[in-house]
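Residue-level listing of the chains:
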Amino acid sequence: MLIRVPKKSEIKENELTPESVYHSRREVLKKLGIVTATLPFAAQSHANLFDIFSSGEDKAEPAALFQRSPLTTTKSPYGSGLALTPESKVLTYNNFYEFGTGKGDPVENSQSFRVDPWKLEVTGLVNNPISLSYDDLLKRFPLEERLYRMRCVEAWSMNIPWIGFSLAALLKAADPLGSAKYVAFETLHDPKQMPGQASQFVGGGIDYPYVEGLRLDEAMNPLTLLSVGLYGQTLAPQNGAPVRLVVPWKYGFKSIKSIVKIHLLESQPATTWNLLARHEYGFYANVNPQVDHPRWSQGSERFIGEGSIFSSRRQPTLMFNGYEDEVASLYKGMDLRSSF
């Protein structure tokens, strides 16, 4: 069942942003070294990133761009009226530490990434374990396009037309046992293809592979998407090809990329950023303007739209990133300050 994003969370029609220049390069200042050395490299890299940008010239294109393929989809009513972030920004401004900690590193370092053959396994507390090939990811479930808000914990945001299928459809096919309470996710571990996994300096000191998790009821929510594409085509590697999670009411680091394992279990799984800096990155990571990051406010965000990073407008952050009507019931009775 499709649920329309409530009108109160929509941006006015006169704020719609057109798509324009493709494949531009904007580099963010890298490896700032401006916070305490006692934190892991990856936690350091978050400090003040959302307010410090380079204005450098566009860089040359990689020798060979990753070839994306068009996808046949149906459009859903999700996100009707949201201002669209240009595809060029979504392709070149990324957090994907497996390919480097700078915002421009993923597109520069991932264009030879191999997505086929691929295997995504669903295991654990299920009656029907599932293994999906690359072809299965694109064909087993009907694909639809959903325009979602995406809010980074660094206090910037984009609106992206994802293509994919409901995670609930896959989990229902796996038939969870009654004892299953959580869903754990794991990114591909391949240091030969991912330089950030081969070098702690390049990859921010993370203990790879990257892992994430949701409660089962969060995973089964109709908003939760397994994405295989954006802007009408398959995913680029810097955006998490061939398959990634999209949980639009949570901060972006919860939406794990290049997934190879989905495992259902009874107890809460470990998650990468919570392991790195538990006091800064909680398990739930719900977008909440009333709970600041220890080093910056979460009350507003820089929306990345048309123009340069410097010209991006600030806007107030919405509770649950604008999806309160759809997901607030999941957290009834919880203290969202302590369970952040």
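As the structure is a prediction and not an experimental result, all values here were calculated from the model. (Residues numbered from 1 in each chain as written. Predicted model: local features only at pLDDT ≥ 70, side-chain atom pairs only at ≥ 80, totals over all residues. Heavy atoms only, no water.)

Would you mind going over the side chain of R151 with me for this structure?
Relative to the elements of secondary structure, R151 occurs in strand β4 (residues 144-151). On the basis of relative accessible area, R151 is assigned to the buried category, the value being 0%. In this structure the side chain of R151 is engaged in a polar contact, spanning 3.4 Å, whose partner is the backbone oxygen of S300. Among the polar contacts listed, one links the side chain of R151 to the side chain of T317, at a separation of 3.0 Å. Apart from the residues within four sequence positions on either side, R151 is in contact with W156, S157, K250, Y251, G252, V287, Q298, S300, E301, T317 and N321. (Helix = DSSP H or I, 4+ residues; strand = E, 2+ residues; numbered from the N terminus. Buried < 20%, exposed > 50% of the residue type's maximum accessible area, 1.4 Å probe, protein only. Polar contact = N/O pair within 3.5 Å; in protein donor to acceptor, adjacent residues only side chain to side chain. Contact = heavy atoms within 4.5 Å.)

How should the packing of aromatic side chains be read in this particular structure?
Aromatic ring pairs are reported here in terms of the distance separating the ring centres and the angle at which the planes meet. Within this structure, the stated rule accounts for 14 aromatic pairs. Plain terms: the ring middles of Y97 and W273 are 5.9 Å apart, the flat faces sit at 70° to each other, and that makes the pair edge-to-face. Of this pair, Y97 sits in the loop between α2 (87-92) and α3 (105-109) while W273 sits in helix α9 (residues 272-276), placing them 176 residues apart in sequence. Look at W273 and you get buried, because its relative accessible area is 3%. Between Y284 and Y331 the ring centres are 6.1 Å apart and the planes differ by 90°, which places this aromatic pair in the edge-to-face class. With a gap of 47 residues between them, Y284 in the loop between α9 and β12 (300-303) and Y331 in the segment after α10 (324-327) connect regions that are remote in the sequence. Like Y331, Y284 is buried. Lying over the aromatic face of Y93, K103 brings its terminal NZ or CZ to 5.7 Å of the ring centre. (Phe/Tyr/Trp six-rings, centres within 6.5 Å; stacked < 30°, edge-to-face > 60°. Lys NZ or Arg CZ within 6 Å of the ring centre and 35° of its normal.)

Any chance you could explain the nonpolar core here in plain terms?
Across soluble globular proteins, nonpolar side chains have a tendency to be buried as a group. If you look at the biggest cluster of nonpolar residues, it comprises 91 residues, and the most contacted ones within it are L170 and I262. By residue number, the principal contributor to this core is strand β5 (residues 156-166), which donates six residues. If near-sequence neighbours (up to four positions away) are discounted, L170 is found in contact with V122, I130, L132, F141, F165, L226 and I262. (Core = buried A, V, L, I, M, F, W, Y, C linked by side-chain atoms within 4.5 Å.)

Can you walk me through unusual backbone geometry in this structure?
Only a minority of non-glycine residues have a phi that is not negative, and only a minority of peptide bonds are not trans. With omega at 10°, the peptide bond leading from Y208 into P209 counts as cis. The topology assignment puts P209 in the loop between α7 (200-203) and β7 (211-215). Here the bond from A241 into P242 is cis, since omega is -5°, no more than 30 degrees from zero. Examined against the element boundaries, P242 turns out to sit in the loop between β9 (233-234) and β10 (244-246). If you check the backbone angles, S258 has positive phi at about 45° while not being a glycine. Within the secondary structure, S258 is located in the loop between β10 and β11 (259-265). In this structure, A285 takes a positive phi of about 55° despite not being glycine. You can call A285 buried: its relative accessible area is 4%.

Please clarify how helix α5 (residues 167-174) should be interpreted in this entry.
One turn of an α-helix holds 3.6 residues; hence residues three or four places apart share an orientation. L167, A168, L170, L171 and A174 are the residues of α5 that are buried. The arc enclosing the buried residues of α5, seen along the axis, measures out at 160°, which places them on a common side. A distance of 3.2 Å separates the backbone nitrogen of A168 from a side-chain oxygen at the start of α5, and that oxygen is part of S166. The positive-phi residue at the C-terminal boundary of α5 is D175, with phi of around 60°. (Arc of directions from axis to C-beta.)

Sorry, what's going on with the pattern of salt bridges here?
Two side chains carrying opposite charge are able to pair once their charged atoms lie near each other. The full count for this structure, using the stated rule, is 12 salt bridges. The residue R68 makes a salt bridge to E87 at a minimum N-O spacing of 2.8 Å. In this pair, R68 sits in the loop between α1 (41-44) and β1 (74-75) while E87 sits in helix α2, placing the two residues 19 residues apart along the sequence. Here the two residues R68 and E87 agree in accessibility, since each one is buried. Across the salt bridge formed by K75 and E145, the nearest N and O atoms sit 3.7 Å from each other. Residue K75 is found in strand β1, and its partner E145 is found in strand β4; the two are separated by 70 residues along the sequence. In this structure E145 comes out as buried when scored by relative accessible area, which is 17%. (Salt bridge = Lys/Arg side-chain N within 4 Å of Asp/Glu carboxyl O.)

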